[in-house]
Amino acid sequence: MLQEPTTTAGRAGLAALLADPARALLALDFDGTLAPIVADPERAAAHPGAAAALAALAGRIGTVAVVTGRPALAAVRLGGFADTPGLERLVVLGHYGAERWDGATGRLTAPQVHPGVAAVRAELPGLLAALDAPEGTWLEDKDRSLAVHTRRTAEPDALLERLRGPLAELAAAHGLAVEPGRMVVELRPPGVDKGAALTGLVGERAAGAVLYAGDDLGDLAAFAAVERLRGAGLPGLLVASGPVTGEPPVREVAERADLVVPGPAGVVALLEGLARALEGLRR
Ligand SMILES: O=P(O)(O)OC[C@H]1O[C@H](O[C@H]2O[C@H](CO)[C@@H](O)[C@H](O)[C@H]2O)[C@H](O)[C@@H](O)[C@@H]1O
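If you're wondering where the values come from, they're calculated on a predicted model, not measured in any experiment.

Visitor: Which residues make up the overall build of the protein, and what values do they have?
Guide: Secondary structure assignment for the protein yields nine helices and twelve strands. Taking 283 residues into account, the globule formula puts the C-alpha radius of gyration at 19 Å, and the protein, at 19 Å, falls close to it. Scored against the burial criterion, the 283 residues of the protein give a buried share of 51%. Long-range pairs, those at least 24 residues apart, make up 68% of the contacts in the protein with a sequence separation of at least 6. Of the side chains in the protein, 27 bear a positive and 34 a negative charge, and the two mean positions are spaced by 6 Å.

So this is what it looks like as structure tokens:
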């Protein structure tokens with residue numbers, strides 16, 4: 001059974017997607033939405049059913065995309081997307097939309113690395129040492145940005161709170177912006193976010209309906225984009241992937257969603273339900 005959205009706008013978005021799937025755009029975040037949250041980001045992997053569920057929809061829905069804070073190729077690798085029959089036309093927008101990988105061509109497009117990234121890379125270890133960042137603090141170097149993770153420390157939330165100000169100052173000193181997330185603060189180039197990335201793709205594909213699913217603060221820009229598009233007459237459905245790891249949900253995401261599902265397993269079940277509904281409509 002396909003779960004029903006709890007809002008009128010969400011129900012209209014789902015109805016429009018089902019009525020004309022060939023013109024619809026389905027976009028999903030990666031970590032926390034298609035991939036369960038794990039302690040070590042390098043060991044993240046898509047839910048075992050995710051790639052197949054996306055592939056089942058890719059033949060029916062006009063555009064299927066992943067929109068992630070990860071480098072695009074990292075999401076392709078961790079998701080197993082390049083090896084999945086049916087996902088040949090998948091689009092992956094990485095680094096919050098700064099990068100784009102097209103399954104159809106296998107090509108990655110990306111801008112120059114922001115010069116502030118090298119400066120932050122050089123200064124960040126010293127800053128963390130000066131701030132007495134405890135064991136377990138982990139610096140993720142994503143080439144175009146750097147992320148400080150606190151999940152593996154004894155008090156991740158308190159540490160994140162303590163680091164937030166100094167990291168924002170360092171980012172600003174080098175022309176970078178901060179992107180907060182689940183037990184992570186990322187220092188990354190400004191000027192692009194998931195909302196701009198999603199809006200661009202909607203325009204490029206002349207989408208007639210959009211579904212976006214996410215779980216974290218970085219997804220709120222995409223939620224805002226769908227809300228704006230709905231205001232302009234484009235039906236849309238917002239899905240929140242609620243956490244299943246025991247940590248509290250990201251309140252703003254759950255509150256603004258038309259449908260909350262239980263984590264990546266719930267997202268996969270929703271995708272499978274959509275595929276079944278579209279198959280049923282074809283008969
Ligand atoms: O936009 P996303 O696809 O959601 O990527 C956002 C960040 O996700 C990763 O960090 C998060 O997932 C990790 C693995 O489950 C988890 O350990 C961490 O606490 C989460 O914040 C990734 O490491 C970041 O680079 C992404 O920006």
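Visitor: Can you lay out the site of the ligand for me, pointing to particular residues and giving the numbers?
Guide: Near the ligand you find 20 residues, and of these D29, V38, T68, R151 and R182 are the closest. Between F30 and the ligand, the recorded distance is 3.3 Å, taken from a backbone N or O atom to an oxygen atom. Taking 570 Å² as the accessible area of the ligand by itself, protein coverage stands at 97%. Of the residues belonging to the shell around the ligand, the class tally is eight nonpolar, three polar and nine charged. When residues of the shell around the ligand are sorted by domain, at least three fall in each of domain 1 (8–110 + 192–282) and domain 2 (115–188).

Visitor: Which residues make up the pairing of strand β6 (residues 138–141), and what values do they have?
Guide: The two faces of the sheet receive side chains in turn, since in a regular strand these alternate between them. Inspection of the sheet shows β6 paired to strand β7 (residues 146–149) by four bridges, in the antiparallel sense. Bridging from a neighbouring strand, L139 pairs with V148 of β7. Between β6 and β7, which pair antiparallel and follow one another directly, the connecting turn spans four residues, one of which, D143, has a positive phi of 70 degrees.

Visitor: Run through the nonpolar core, naming residues and quoting values.
Guide: In terms of nonpolar packing, the biggest core is built from 44 residues, with L26, F30, L34, L54, F81 and L271 touching the most fellow members. Each residue touching F30, except ones within four places of it in the same chain, is listed here: A35, A45, A46, V66, V67, T68, R70, A75, L78, G79 and F81.

Visitor: Run through the pairing of strand β1 (residues 24–28), naming residues and quoting values.
Guide: Counting buried positions along β1 gives five out of five residues, so the element sits mostly inside the fold. A two-sided burial pattern is seen for β1, the buried positions comprising A24, L26 and L28 on one face and L25 and A27 on the other. Sheet analysis places β1 next to strand β10 (residues 209–214), joined by five bridges and oriented parallel. Across the sheet, the residue bridging to L26 is L211, located in β10. Of the strand pairs in this sheet, β1 and strand β2 (residues 63–67) are connected by four bridges, and their pairing is parallel. Each residue of the ladder has a partner; that of L28, found in β2, is V66.

Visitor: Please give an account of the sheet that holds strand β5 (residues 107–109) that cites residues and values.
Guide: Across the sheet, which stays open at both edges, the eight strands sit in the order β5-β4-β3-β2-β1-β10-β11-β12 with mixed pairing between neighbours. The open sheet has two edge strands with one neighbour each: β5 and β12 (259–262). Taken over all neighbouring pairs, the strand axes of this sheet differ in orientation by 20 degrees on average, direction set aside. For β2 and strand β3 (residues 91–94), the ladder comprises three bridges, and the chain directions are parallel. Counted as the bridge partner of V67 is L93 from β3. Against the sheet, helix α1 (residues 8–19) contacts β1, β10 and β11 (236–242), and its axis sits at roughly 110 degrees relative to β11. Against the sheet, helix α7 (residues 220–231) makes contact with β10 and β11, and its axis sits at roughly 160 degrees relative to β11, the strand it touches most.

Definitions and limits used
- Residues numbered from 1 in each chain as written.
- Predicted model: local features only at pLDDT ≥ 70, side-chain atom pairs only at ≥ 80, totals over all residues.
- Heavy atoms only, no water.
- Helix = DSSP H or I, 4+ residues; strand = E, 2+ residues; numbered from the N terminus.
- Rg over C-alpha atoms; globule rule 2.2 N^0.38 Å.
- Buried < 20%, exposed > 50% of the residue type's maximum accessible area, 1.4 Å probe, protein only.
- Contact = heavy atoms within 4.5 Å.
- Lys, Arg positive; Asp, Glu negative; His and termini not counted.
- Charge placed at Lys NZ, Arg CZ, Asp CG, Glu CD.
- Near = heavy atom within 4 Å.
- Polar contact = N/O pair within 3.5 Å; in protein donor to acceptor, adjacent residues only side chain to side chain.
- Areas by Shrake-Rupley, 256 points an atom, 1.4 Å probe, with all protein chains shown as cover.
- Nonpolar A, V, L, I, M, F, W, Y, C, P; charged D, E, K, R; others polar.
- Domains from an automatic or database assignment.
- Pairing = 2+ DSSP bridges.
- Core = buried A, V, L, I, M, F, W, Y, C linked by side-chain atoms within 4.5 Å.
- Axes fitted to C-alpha atoms, helices over the stretch in contact; angles between N-to-C directions.

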